[in-house]
Amino acid sequence: LPRSVPPMTEAAARRALLRFVASRCCYGSRAAGELVIRELRPRVTYRYRLETFNESRLSEWAFEPFTRPGASRPPGDVPSDLWDVDVGPPRLFQGQTRRCRVPRSAVVRECHRCHGHGRSKCGVCHGAGWMRCVTCKGSRRRLRQQKRCQLCSGTGRSRCSTCSGRGSKTCATCQGERKLQHFRQLVITWKNNVFEFVSEHHLNFPGELLSKVSGENIFKDENVVVYPIVDFPEPAISLASRRAIAEHSAAFATSSRILRPLRGARGWHLARQTIEQIPITEVHYQYSGKPYLYYIYGLENQVYASDYPQRYCCGCTIV
C-alpha cells in the first residue's frame, strides 16, 4: 500500500499537543512544554466509504393563474413515462430536489375558488361591505357622553377596511384572472446515500473521533457500477465492501434509477467507493516521574489525551 504521509516527529507531536491544550480552557500548557517523549508508535487504520448517487421521480398536479389568453392550447402527447422527460444533470454526489413541468400537460380551466368571477366574498364582513362600529358597538352613540358617535357619524357601522366596502376581494387563488392553468409537475430527487466503515484499531481510543478527520486516499473506484473489493490487506475492509454494495443494491434498485452517462456530459456515475488510510500515533511520555499517553490522529494531527496531567477546574488543580 502506498503511503506518502511523513512519519511523526517529536517536534510535531509536541506542537500538536500544545495546540490541543490551547483549545481547552481547563488545560495548562506547562506540562506540554516540559514533558519528555519516550516513544512514538505509528499505527494505521482504514476507512471505507461507499456513496450511491441515485435519482427518483414522481409527478403531481399544480396550477397557477392563467395570464396569457392567447397561449391557450389543447394538451398534446404527454410523455407516458416520467423518465422520458429530459432534465439537465445535477452536481454529482450532492443531494437536491428539482421541480419542472411535464411538457404538453397544461390544461386551462375556470378557477375553482371563485367560479370564474375573479373575486371572492370578503371573509371579514361576510360580503356586507360594512362592519359594526368598534367605538359605539353599533349603538350610534358614545356610551358615556350619550352623544352621536363621530367615528361612524351615528350610523352604527363603518366601512370594512379589508375589502374597502365592496363586500368582495380579489381571488387569492387566480389573482383575479378568473382562470387557472393546471399542469403536471415533475419532482426529481437526487440523493447521495453514504455507507462508512472504519476498521478496528485495537487502541484505547474512541473510534467515532476518526469519522471527523481526513486520511490519505489510497483507493478510489467511481463508475456506473462498482464491484466489491477483494483481497485487501485488511479483511474487514473487503467484508464491508461486499456488505455495503449488497445493501445499497437491494435498497435502491426498485425505488430509483441508475444514473448513466449522458450524451455530451462527462463524469456521470452511479457509485463511488474509496479507502482512506488514517494515521494514528501513540505518544508515550513522562511527566513528573509518571508515564502518560496521548494519541495523534488524522492528517490534521488532532489529539486525544484522556489522562493529561495538568487539568484545572475553576482555577484549582484537580490532577
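These notes cover the structure that comes with them. (Residues numbered from 1 in each chain as written. Predicted model: local features only at pLDDT ≥ 70, side-chain atom pairs only at ≥ 80, totals over all residues. Heavy atoms only, no water.)

Counted according to the given criterion, the structure contains 11 aromatic pairs. Taken together, the ring pairs connect F205, Y295, Y297 and Y304 into an aromatic cluster. A cation over an aromatic ring shows up here: R101 above the ring of F183, its NZ or CZ 4.1 Å from the ring centre. The aromatic ring of F93 is capped on one face by R272, whose charged end is 4.0 Å from the ring centroid. (Phe/Tyr/Trp six-rings, centres within 6.5 Å; stacked < 30°, edge-to-face > 60°. Lys NZ or Arg CZ within 6 Å of the ring centre and 35° of its normal.)

When strand β10 (residues 271–287) meets strand β11 (residues 290–297), the two strands line up antiparallel, connected through eight bridges. Each residue of the ladder has a partner; that of Y287, found in β11, is K290. Two successive antiparallel strands, β10 and β11, enclose a turn made up of two residues, where S288 displays a positive phi of approximately 55°. Across three bridges, the pairing between β11 and strand β12 (residues 302–304) is antiparallel. By the bridge assignment for β12, Y295 is matched with Y304. Between β11 and the antiparallel strand that follows it, β12, lie four residues; G298 among them carries a positive phi value of about 80°. (Pairing = 2+ DSSP bridges. Helix = DSSP H or I, 4+ residues; strand = E, 2+ residues; numbered from the N terminus.)

Looking now at unusual backbone geometry. Residue S164 is not a glycine yet carries a positive backbone phi of 60°. If you check the backbone angles, D231 has positive phi at about 60° while not being a glycine. Positionally, D231 belongs in the loop between β9 (216–223) and α3 (235–252). On the basis of relative accessible area, D231 is assigned to the exposed category, the value being 74%. (Buried < 20%, exposed > 50% of the residue type's maximum accessible area, 1.4 Å probe, protein only.)

All right, on to the pattern of salt bridges then. Taken as a whole and judged by the stated rule, the model has 12 salt bridges. A salt bridge links E196 to R49; its shortest N-O distance comes to 2.9 Å. With E196 in strand β8 (residues 179–198) and R49 in strand β1 (residues 36–65), the pair connects residues that are 147 residues apart, well separated along the chain. Across the salt bridge formed by E55 and R57, the nearest N and O atoms sit 2.6 Å from each other. In this structure R57 comes out as buried when scored by relative accessible area, which is 17%. Several salt bridges converge on common partners, so that one network encompasses R47, R49, E196 and E276. (Salt bridge = Lys/Arg side-chain N within 4 Å of Asp/Glu carboxyl O.)

In this structure, S288 sits in the loop between β10 and β11. Under the relative-accessibility criterion, S288 is labelled exposed at 62%. Sequence separation between S288 and L35 is 253 residues, and the spatial gap between their C-alpha atoms is 8.0 Å.

All right, on to the nonpolar core then. Judged by nonpolar contacts, the single largest core of 19 residues is most densely connected at L17, Y285, Y294, V303 and Y308. Broken down by secondary-structure element, the contributors of at least two residues to this core are α1 (10–22), α2 (30–34), β10 and β11. With five residues, α1 is the largest single contributor of residues to this core. (Core = buried A, V, L, I, M, F, W, Y, C linked by side-chain atoms within 4.5 Å.)

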